[in-house]
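# Coordinates in review
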Amino acid sequence: MMRKFGLPVVLVAAFALLPATADAQTPKKGGELRFAVSAEPPDYDCHAATSFAFVHPVRPHYNTLLKFDPANYPKVVGDLAQSWEQSKDGLTYTFKLKQNVKFHDGSPFSSADVKATYERIRNPQNGARSIRKAAYADIASIETPDASTVVFKLKAKNASMLTNFASPWDCIYSAAKLKEDQKFPERNVMGTGPFKFVEHAAGSHWVGERFADYHVKDRPYLDRYRAIFITNTAARVNALQAGEVLSEFRGHSPADRDKLVSALGNKIEVHESPWICSLVVTFNTEKKPFDDARVRRALSLAIDRYQGAEALSKIALVRHVGGVLRPGYELAASPAELLKYPGFGKDINAARAEAKKLLAEAGVKDLSFKFLNRNVPMPYTPVGVFLIDQWRQIGVTAEHDQPETKAYIANLRGGNYEVGLDFNCDAVDDPNLQLAKYISADRSPINYGRYNDRKLDELYDAQKGELDPAKRKQILRQFGQHALTEAYTFPTIWWHRIIVNWKQIKGWHMSPSHYLNQDLQDVWLDQ
Amino acid sequence: MLRYTINRILLMIPTLLGVAVLVFVLLRLMPGDIVELRFLMDGGQVSPEVLAQERTRLGLDKPLWQQFVDWMSGLMVGDFGVSMWTGRPVWDEIASRLELSMQVAIMATILATLIAIPLGTLAALFKDRWVDRFIQVFAIAGLAVPSFWLGMLMIMFLLVNFNWIPPLTFKPIYVDPWHNLSQLIWPALAVGYRYSAVATRMTRSTIIEVLQEDYIRTARAKGVFERLVVRRHAMRNAMLPVVTVIGLEFAFLIGGLVVTEQVFNLNGIGKLFVETVTRADYTMVQALVMLVATFFILVNFLVDLLYAALDPRIRYR
Amino acid sequence: MAIADTTPKITYKVPKRRHPLVQFAVTQPLGAAGLVVIIALFIAGIFSESVSPYDPLVLDYSAMLAPPTWEHWMGTDAFGRDVLSRIIYGARTALAVGFLSSLLGSGIGAVIGVVSAYFGGRIDMAIQRFMDVLLSFPIIVLALAVVAVLGKWPVGGLDLNLIIAIAIPMIPKVARVVRSSALAIREMPYIDAARAAGYSHSRIIFRHIAPNVVAPFLIMFTAFIAQAILLEASLSFLGLGVTEPTAAWGLMLSGTSQEFYQQAPWMIIFPGLAISLAVFAFNLFGDSLRDWLDPKIKL
């Protein structure tokens, strides 16, 4: 039955993310892009936002200092920066800014705005919120020698600094507005981006319109865009099928893709890519017997990741077997290197035999526990059901406990669980972000395993300060080996992003993150 | 009558206060809080300091009695506060969604009444005959079919056969009647079926009862035509309980839209309720529950008043 | 002897005493039909292991989303689990939740109603005000809040807190009806007599009042089973009820299953039919039971 709908009609180059050739056509101007968003931003402040539901409607109103090249992730290009250089010691970054950039209220943009923005992120004042202070903790000072130059001085080397400057969250605000009120961006949208804010109808939709004075010539192409909030998955896919919306930029399940392909055929285009998100099993190491590495490793060994990836990829948005970094990322383990990690071998019978042996050695018989999972159908439920089935095969009983999200988070954070299915999802592949899940609980706010492991911390700091990619990669392999042997937290199967666009949408580029490429600057409609 | 009315109004106060206390306590007992949800549901690495700062900002670090007193004193002057999630005034959030839900409820009521009164009367007149049995089965099926499932089947049918779905965004009926009706007629049908089933059963049983009353027998004995008996004597007297059921069901419907609005992606009170409960947005949930409860109590009050006006015995009980 | 000849022999027409079940079936054909379905559901629920063709929990990656065939009469779901088997096991969940929550709700409600009516005065006043408070919450809203507060308490794949959450909204309704029936009984002379004889409160309540409110209680009990099944389905649909991988009808309609409804409509149609049929049967039966036991009671 699956085969009938199985092969997507158009499969735009997935894994390599080839530079798109579709842009050969001359872009057309005008039109309104309607797209669905599955959640809604609570307020309008980039610096306090964490959700894609924020990025999709709000990002087109703003620019950032740098951004990822839409067609060549992870290459970094300028957004408001014209050019930049990094000093030899890696401690000074100097940015030359673009000229003739205007804010939506007509005021000119200058280096003061960049400084005010980053000061707000680094050290929010007067009730403003910033949730990514840590990413800029290494900055010592920000200087503005002239109106078009900004200099960042660092205290310590940081191999991820350029990636940080390309973060989709660091919207550049107007220094004048911030001076009046640091909380101004929470309720107002005023940036330099390609689209001006028109309206936000709570619970319903968000509209932006073309900014005529946008600094990039002839951009944007679209007259307007309309983000429509549709929380129910089926309703969202129906809207896409009926042509009420032309896309949804987070991602679809394979079932939805197949349904849309069989209904719409060549009216749509399917884009696929590995996704920088993974579901990880995490243990409350304060509870017995999960304080024992052998027990934890046994539960990792019991999982047939390769067969699971293949089967689950038909029904859930997971597909790739990978370690602590996204498979396919330049610094991640290659498939051959992966085989050496415990739980990543191809011989599942041997692995399960070893798992049983480990459990016996640890003196654990008839292990049974409550398995905390999030009450979100895709992909948490299928992966949870899959894991329970895998553990059953080595004689371990897991009882599925799926509370709704806020109770799930409270239980994870509060240590009120035995074994849980946690998630790790961030805008970029950057190891500093990705590995924070694994380092000691007293250093990382998102380690819910309640353990401290100084070896992991050391390796983490070493890779962070290592500017040579080859050497950094070496350290990362050691990190992976140690993390997966101790198995406090281990990845199950990495996500797979599937985007289905109506063919009219041109100039949009797939990326491995649903947080990126959403400024809509180069998107146009062929109609 | 005046004394009875005043008495009833005074009785509403402890009930409303009870609702307020109950919802306040229930919300605080729910595991998880809005701050964790907001900053951690999509990943990201937020430090405990930011979470603590946000709790202070929302007033969640105040003692519980203080929070309750703040809320109550706000209510006294008609101030519902601001949503903890969006920061916008609670009343604005509700008002922007109330129109849609009210319209669906009203449309469902009209549909239900149009179906229920003729069907119920017919069933009563042909009691225990096959027409009656057929109508009863239709009505009981209405109570049995989950309205969300009915909604799913409707959408499936429309999409597969016409490649069309109801519009996604709401426009008031006075702005664009066609757009408005083509969006809301489906959910109104889905919930209206159950609603009409309840009303049909009520109509049937009251008319059967009334037809057995002495004055109907007298009318019949006097040789009044059957049609006239039904229209002038039976219907008029049977309408009171039927109107009551329709009124009470209407009050329930506002809450009952919770599931149906999900299926049709309607931006109404029901969807808002589910969203705010899952977010633990205390101020919003409190206001919504108070609103629905007040509405329900008021409808009950009006119904009782109506009965009391018509039946003097009730006033003196 | 002539007299004897002239008087015709009197023949008594003795009404045939029929078994109450038969009598019920004859006078209430719809109710009997409902009863047949209910019995079938109970058989499915109690003997799920022997009735269902497959284990409802076993994943079969080679038969994902298979359409109805001779092997899988109602097809399979996204995990390759047999839909028919899940519906059969779902009957167990539905009946357990429906029966237990209805028992709990109407039991507590009846006790509160009788107590309230018997004591009257301030106790009655206080209880009635509290019942008013509960009544002014829409059912689903109250259940939603209770589920959220209590969290989950799974015992053998069944969530006990869910049962409590579904039972709570029933309490005030039962209490109301039982209270008014009990009020009428309280005024009866034999209760006064019992009081005068110095019987204890509990003896009077349980021996003299309770048996007389059994009819309304039974009728409501059946009606609430239907409501409970429907409410459980709604809550599971919203993701707040039963948890995967337990087989439950509402759950089969929720979450990811909706996404498959074009490739695999059987995943949507059969569980919906199961819910409708079960609720339909309980309602039919309940209605007939009311007509049979006491036509005056209204719900």
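The model shown is predicted, which means the values in this text are computed figures rather than measured ones.

Looking only at helices and strands, chain A has 17 helices and 20 strands in total. In summary, chain A has a C-alpha radius of gyration of 24 Å against a globular reference of 24 Å for 527 residues, a match within 12%. By principal-axis analysis of the C-alpha atoms, chain A measures approximately 70 × 55 × 40 Å. In chain A, which comprises 527 residues, the share counted as buried stands at 64%. For chain A, the share of sequence-separated contacts (at least 6 apart) that also reach a separation of at least 24 residues comes to 72%. Accessible surface computed for chain A: about 18200 Å², of which carbon and sulfur atoms make up 48%. The average position of the 69 basic charges and that of the 61 acidic charges among the side chains of chain A differ by 2 Å.

Here the focus is the sheet that holds strand E7 (residues 139–146) of chain A. Residue and element names in this part refer to chain A. Strand order in the open sheet formed by four strands is E5-E6-E8-E7, with antiparallel pairing between adjacent strands. The sheet is open, and its two borders are formed by strand E5 (81–86) and E7, each paired with just one other strand. Adjacent strand axes in the sheet meet at a mean angle of 20°, parallel and antiparallel pairs treated alike. Where E5 lies against strand E6 (residues 92–97), five bridges are found, and the strand directions are antiparallel. The residue of E6 that forms the bridge with Gln86 is Tyr93. Taken strand by strand, helix H3 (residues 111–122) contacts E6, E7 and strand E8 (149–154), and its axis lies near 165° from that of E7.

Residues and elements named next belong to chain A. Position of Leu65 relative to the elements: it lies in the loop between helix H2 (52–58) and strand E3 (66–68). Taking the C-alpha atoms as reference points, Leu65 and Ile475, separated by 410 residues in sequence, lie 30 Å from one another. With residues up to four places along the chain from it excluded, the contact list for Leu65 reads Gly78, Asp79, Leu80, Ala81, Phe95, Leu97, Val114, Tyr118, Phe152, Phe165 and Ile172.

Scanning all chains against the criterion turns up 48 salt bridges over all chains. Here Asp526(A) makes a salt bridge to Lys28(A), at a shortest N to O gap of 2.5 Å. Pair noted here: Asp526(A) is in the segment after strand E20 (524–525) and Lys28(A) is in the loop between strand E1 (11–12) and strand E2 (32–37), with a separation of 498 residues, a long-range link. Of the residues examined, Lys28(A) reaches a relative accessible area of 37% and is grouped as partly exposed. A salt bridge links Glu54(B) to Arg129(A); the shortest N-O distance between them is 2.7 Å. Of this pair, Glu54(B) sits in helix H3 (residues 48–58) while Arg129(A) sits in the loop between H3 and E7, on two different chains. With respect to class, Glu54(B) is no different from Arg129(A); both count as buried. What you see here is one network of salt bridges that share partners, running through Asp43(A), Arg129(A), Glu186(A), Arg38(B), Glu54(B) and Arg57(B).

Another point: the interface of chain B and chain A. Opposite the 45 residues of chain B that make contact, chain A presents 51 residues. Taken together, both faces of the contact between chain B and chain A bury some 3900 Å²; the carbon and sulfur share is 52%. The salt bridge involving Arg57(B) is made with Glu186(A); its shortest N-O contact spans 2.5 Å. Across the chain B-chain A interface, the total number found is twelve residue pairs in polar contact (both at pLDDT 80 or more). A total of six residues in the side of chain B that touches chain A trace back to one element, the largest contributor, which is H3(B).

So, on to the nonpolar core. In terms of nonpolar packing, the biggest core is built from 274 residues, with Leu33(A), Phe369(A), Trp391(A) and Trp249(C) touching the most fellow members. If you tally residues by element for this core, the top one is helix H14 (residues 266–293) of chain C, at 13 residues. Contact partners of Phe369(A), with chain neighbours within four places excluded, come to Phe290(A), Leu299(A), Trp391(A), Val396(A), Thr397(A), Ala398(A), Glu399(A), Glu418(A) and Val419(A). Formed by 31 residues, the second largest nonpolar core is a distinct cluster that contains Leu65(A), Ala81(A), Tyr93(A) and Phe103(A).

Turning our attention to the state of the cysteines. Residue and element names in this part refer to chain A. On inspection of all chains with the given rule, the structure shows two disulfides over all chains. Sulfur-sulfur distance for the disulfide between Cys46 and Cys171 comes to 2.0 Å. Where Cys46 bonds to Cys171 through sulfur, the torsion about that S-S bond is close to -85°, and the disulfide is left-handed. Taken together, the residues span a long stretch of sequence, with Cys46 in the loop between E2 and H2 and Cys171 in the loop between helix H4 (161–165) and helix H5 (175–180) at a distance of 125 residues. The disulfide bridge from Cys277 ends at Cys425, spanning 1.8 Å between sulfur atoms. Taken together, the positions of Cys277 in strand E13 (residues 268–283) and Cys425 in strand E17 (residues 419–425) put the pair 148 residues apart, joining distant regions of the chain. Overall, the relative accessible area of 9% leaves Cys425 in the buried class.

To continue, consider the packing of helix H9 (residues 170–186) of chain C against helix H12 (residues 214–237) of chain C. All names here are of chain C. Put simply, H9 and H12 touch, their axes get as near as 11 Å, and they point 165° apart. Our classification of the angle between H9 and H12 gives roughly antiparallel. Crossing hand, H9 versus H12: right-handed. On H12, the residues that touch Met170, Lys173, Val174, Val177, Val178 and Ser181 of H9 are Pro216, Met220, Phe224, Gln227 and Ala228. Broken down by class, the residue content of the contact of H9 with H12 amounts to eight nonpolar, two polar and one charged.

For the rest of this paragraph, the subject is the environment of Val274(B). Its location among the elements puts Val274(B) in helix H11 (residues 269–279). The exposure class assigned to Val274(B) is buried, which follows from its relative accessible area of 11%. Placed 74 residues apart in sequence, Val274(B) and Thr200(B) show a C-alpha to C-alpha distance of 30 Å. Discounting chain neighbours no more than four positions away, the residues touching Val274(B) are Val258(B), Gln262(B) and Leu144(C).

Thresholds applied
- Residues numbered from 1 in each chain as written.
- Chains lettered and ligands numbered in written order.
- Predicted model: local features only at pLDDT ≥ 70, side-chain atom pairs only at ≥ 80, totals over all residues.
- Heavy atoms only, no water.
- Helix = DSSP H or I, 4+ residues; strand = E, 2+ residues; numbered from the N terminus.
- Rg over C-alpha atoms; globule rule 2.2 N^0.38 Å.
- Buried < 20%, exposed > 50% of the residue type's maximum accessible area, 1.4 Å probe, protein only.
- Contact = heavy atoms within 4.5 Å.
- Areas by Shrake-Rupley, 256 points an atom, 1.4 Å probe, with all protein chains shown as cover.
- Lys, Arg positive; Asp, Glu negative; His and termini not counted.
- Charge placed at Lys NZ, Arg CZ, Asp CG, Glu CD.
- Pairing = 2+ DSSP bridges.
- Axes fitted to C-alpha atoms, helices over the stretch in contact; angles between N-to-C directions.
- Salt bridge = Lys/Arg side-chain N within 4 Å of Asp/Glu carboxyl O.
- Buried area = accessible area lost by both parts, 1.4 Å probe.
- Polar contact = N/O pair within 3.5 Å; in protein donor to acceptor, adjacent residues only side chain to side chain.
- Core = buried A, V, L, I, M, F, W, Y, C linked by side-chain atoms within 4.5 Å.
- Disulfide = S-S within 2.5 Å.
- Parallel < 35°, antiparallel > 145°, perpendicular 65-115°, else oblique.
- Left-handed = near helix turned anticlockwise from the far one by under 90°.
- Nonpolar A, V, L, I, M, F, W, Y, C, P; charged D, E, K, R; others polar.

By themselves, these observations are geometric and do not establish any function.
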